[in-house]
Amino acid sequence: MGWTTLPGWTYASDEFFALERDAIFMATWQIVGHVSDIPAPGDYLRFDLLDQSAIVVRDEAGRIGAFHNVCRHRAFRLLDDARGHTPQAIRCRYHGFTYDLDGSLRTVPGEDAFDGIDKRCFGLKSVDLEIWHGFIFIRFGGSGPSVAAQFASVEPQLAPYRLDDLVPYGGAGVTPIAADWKVAIDNNIEGYHIPVAHPGLQRLYGHAYRFEVHPLGVSHAGGALREVPASPWSERHYLRLLPPVDALPEERRRFWGYYSMFPNVAFDVYPDMIDFFQILPVAPGRSMSRWRAYALPDTRREMAAARWLNMRINTQTGREDKHLVEGVQVGLGSLGYGAGPLSGREARVKQFHDLIRAAIPVAAQDVPPSPGDMENANRALNEQAALERSGARSVR
């Protein structure tokens, strides 16, 4: 048998979801935003992932740090807003413990009543942080490759877009999805459905849509847009008004590209703007999409119009995708489905599913373990794989 999808049970299991939390989401890089989102000292972004919360803040020296969003005294959540400004310090609203913007503990109210508290030991706990071409990533745990290493194979393609110089364009968006996070990613990383499900994109691409799979969980797809005089006015006027971006090579001036990184981060790369697209797990069978757009400063009226039309086109595509993934989630619970065949045009989905199977070996089983036995079964498979790898090394 050829390539197959993950079994349907992995998209709606509480026990499997718990394994995903530890083996995937706590061990991988997650995008938070761009350095241009926090230009001044005291500016911050908050990022929540399941039961964890982090803050990314710029300190008085202009450095950017990432910390767990929790007071070291009695675990009160420090900052509630998704983004904001906290001048000079971060003060806990419970007992008043105050932290400098670099995370160090500055003041403890009634310090004399503590039995020799050493403030140096109770600063905010840091979170792994990496800034890649201006985009801010954090990781709650794990020790895998850097973001730069993961994107190295596609770096030459992205270099002309001047990612470091981007500034926010419009507001941030969050959309709840009645589907598992994996369903949303499955949909996002394949273009096989475009001719049937996205008539607008099909008109723009024709047969130009291409894809590539790269090492370390990275893949990309996209193609050059074509002129279709009879297309709806938003598509027609986008192509008519889109001005040239001198920094881009000719073949990229009318190219829409999509770059993804395991497990749940993608960049939509257009000549006129760039956005990140992230699917966050909420519960088995429920997730949410999170996105924000960025652009290079450009005062041309044609560019402003093209960006507005781009958003209009892709808002419609987003509605279509939401309908698709929520329909898939319902179908995954059917007794008439177990796992499905994958086309060669779904190679990015195969890569995604293979990485999940590698992280959580029990995902390769057609049926789930008995209730309550998921963690033990997965641990046994991990130990078996480790022994096999060790044996292979000793033979060599």
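The structure presented is a predicted model; accordingly, all values stated were derived computationally and were not measured. (Residues numbered from 1 in each chain as written. Predicted model: local features only at pLDDT ≥ 70, side-chain atom pairs only at ≥ 80, totals over all residues. Heavy atoms only, no water.)

(A) Looking closely at the pattern of salt bridges. Counted according to the given criterion, the structure contains 24 salt bridges. In this structure, R203 and E235 form a salt bridge, with 2.7 Å as the shortest nitrogen-oxygen distance. Taken as a pair, R203 in helix α6 (residues 199–205) and E235 in helix α7 (residues 233–241) lie far apart in primary sequence, 32 residues in all. With its nearest N and O atoms 2.9 Å apart, the salt bridge here joins D354 to R357. In this pair, D354 and R357 both sit in helix α9 (residues 347–359), three residues apart, roughly one turn of the helix. On the basis of relative accessible area, D354 is assigned to the partly exposed category, the value being 31%. For R357, a relative accessible area of 19% gives the class buried. (Salt bridge = Lys/Arg side-chain N within 4 Å of Asp/Glu carboxyl O. Helix = DSSP H or I, 4+ residues; strand = E, 2+ residues; numbered from the N terminus. Buried < 20%, exposed > 50% of the residue type's maximum accessible area, 1.4 Å probe, protein only.)

(B) Structural view of the nonpolar core. Judged by nonpolar contacts, the single largest core of 44 residues is most densely connected at F16, V56, I138, F140, W181 and I356. By residue number, the principal contributor to this core is helix α4 (residues 181–188), which donates four residues. Excluding anything up to four places from it in sequence, I138 contacts T28, W29, Q30, V32, F47, A54, V56, A66, V127, D128 and L129. F151, V218, F276 and L296 belong to the second-largest nonpolar core, a separate cluster that totals 25 residues. (Core = buried A, V, L, I, M, F, W, Y, C linked by side-chain atoms within 4.5 Å. Contact = heavy atoms within 4.5 Å.)

(C) Up close: the side chain of D43. Mapped onto the fold, D43 is located in strand β2 (residues 43–49). Summary of buried charges: D43 has no salt-bridge partner, and the nearest side chain of opposite charge, R58, is 6.1 Å away. In this structure the side chain of D43 is engaged in a polar contact, spanning 2.8 Å, whose partner is the side chain of H85. (Lys, Arg positive; Asp, Glu negative; His and termini not counted. Polar contact = N/O pair within 3.5 Å; in protein donor to acceptor, adjacent residues only side chain to side chain.)

(D) Here's a closer look at the side chain of H214. Among the secondary structure elements, H214 is positioned in the loop between β12 (210–213) and β13 (218–224). Within the structure, H214 has its side chain in polar contact with the side chain of S153 (distance 3.2 Å). A polar contact of 3.1 Å, which involves the side chain of H214, links it to the side chain of E212.

(E) Looking closely at the pairing of strand β1 (residues 30–34). For β1, the buried fraction is high: five of the five residues fall into the buried class. Of the strand pairs in this sheet, β1 and strand β10 (residues 135–139) are connected by four bridges, and their pairing is antiparallel. Note that in β10 the partner of Q30 across the bridge is I138. (Pairing = 2+ DSSP bridges.)

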